[in-house]
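# Chain and residue survey
The residues making up each chain are set out below.
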Amino acid sequence: RNINRITEHDLAFSRDEVRQFFDNIVSHSLHENDLDCLYTKTSGWISGLILFSQILAENRGEKISGKIKNFSGHHKDIFCYFDENAFSDLPGHIRDFLLKTSILDGPGIDFCNRFLQIDNTGEIVCWLEDHHIFTISCDEPEDSFCYHPLFKEYLEAKLKITFKPADLAKLFGYAARLFEICI
């Protein structure tokens, strides 16, 4: 008996499926540039596309390209979605990991271990992936990971309201110094 693992990548819409979704379900055709931008922001994540279509329906007078430009993890609907469905029930050490690593772009496992002064980044990343918390392991650079673009923006916004400005400055400063040492 074979068991197939279905990942977020398998469930994500392709660019063409995003076009079909908007043409046939939302009844709103997208220009090529708008389609590219929306696909990049959502990575084909259907819940993100549905949330965007709801925003589109609420504000019919606004230009769609402006709505796509403003569609981010900072948007109140997306922020609330992630806060309620992906973040608030996580264990404290996982929330802390997510917030602090959100300032990094495609960090490596070893760098994160040094940055956070832990030795289990790889285990945390596997846990995040296994629990479908918008985390993707990458092969390039080796042993790195990233967050879904909207989730990363959410985490960055959440970080700013969770940490004091002085603590944020220390966090960014430490990351910069460590990066200089590591390159």
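Relevant structure appears above.
Residue indices follow the written sequence of each chain, beginning from 1 at its first position. Reporting in this predicted model follows two pLDDT cut-offs: at least 70 for local features of residues, and 80 or more for side-chain atom pairs to be given and counted; totals over whole chains, interfaces and linings ignore these cut-offs and use all residues. Remark: hydrogens and water are excluded; side-chain values derive from all non-hydrogen atoms of the structure.

## Remarks on the pattern of salt bridges
Where side chains of opposite charge bring their charged atoms close, a pairing between them can arise. This is how it is decided: Salt bridges are defined as contacts in which a side-chain nitrogen from Lys or Arg sits within 4 Å of a carboxyl oxygen from Asp or Glu. The numbering of helices and of strands both runs from the N terminus, where a helix is a DSSP run of H or I of at least 4 residues and a strand a run of E of at least 2. Categorising residues by exposure relies on relative accessible area from a 1.4 Å probe, with only protein chains included: less than 20% of the type maximum marks a residue as buried, more than 50% marks it as exposed, and the intermediate range marks it as partly exposed.
This structure, assessed with the given rule, holds eight salt bridges. Its salt-bridge partner being Glu32, residue Arg19 comes within 2.2 Å of it at the nearest N-O pair. With a gap of 13 residues between them, Arg19 in helix α2 (residues 15-25) and Glu32 in helix α3 (residues 32-42) connect regions that are remote in the sequence. In this structure Glu32 comes out as partly exposed when scored by relative accessible area, which is 40%. Linked by salt bridges that have partners in common, Arg15, Arg19, Glu32 and Asp36 make up one network.

## Some thoughts on helix α6 (residues 76-87)
How we decide: Our arc is simply the arc of the directions from the helix axis toward the C-beta atoms. In what follows, residue pairs with any heavy atoms lying within 4.5 Å of each other are defined as contacts.
Looking at α6, one finds that the buried residues are Ile78, Phe79, Phe82, Asp83, Ala86 and Phe87. On an axial view of α6, the arc spanned by its buried residues comes to 130 degrees, and they lie on one face. Away from the buried face of α6 by more than 90 degrees, exposed residues Lys76, Glu84 and Asn85 are located. Where α6 is buried, its residues meet α4 (46-58), α7 (92-101) and α10 (149-162).

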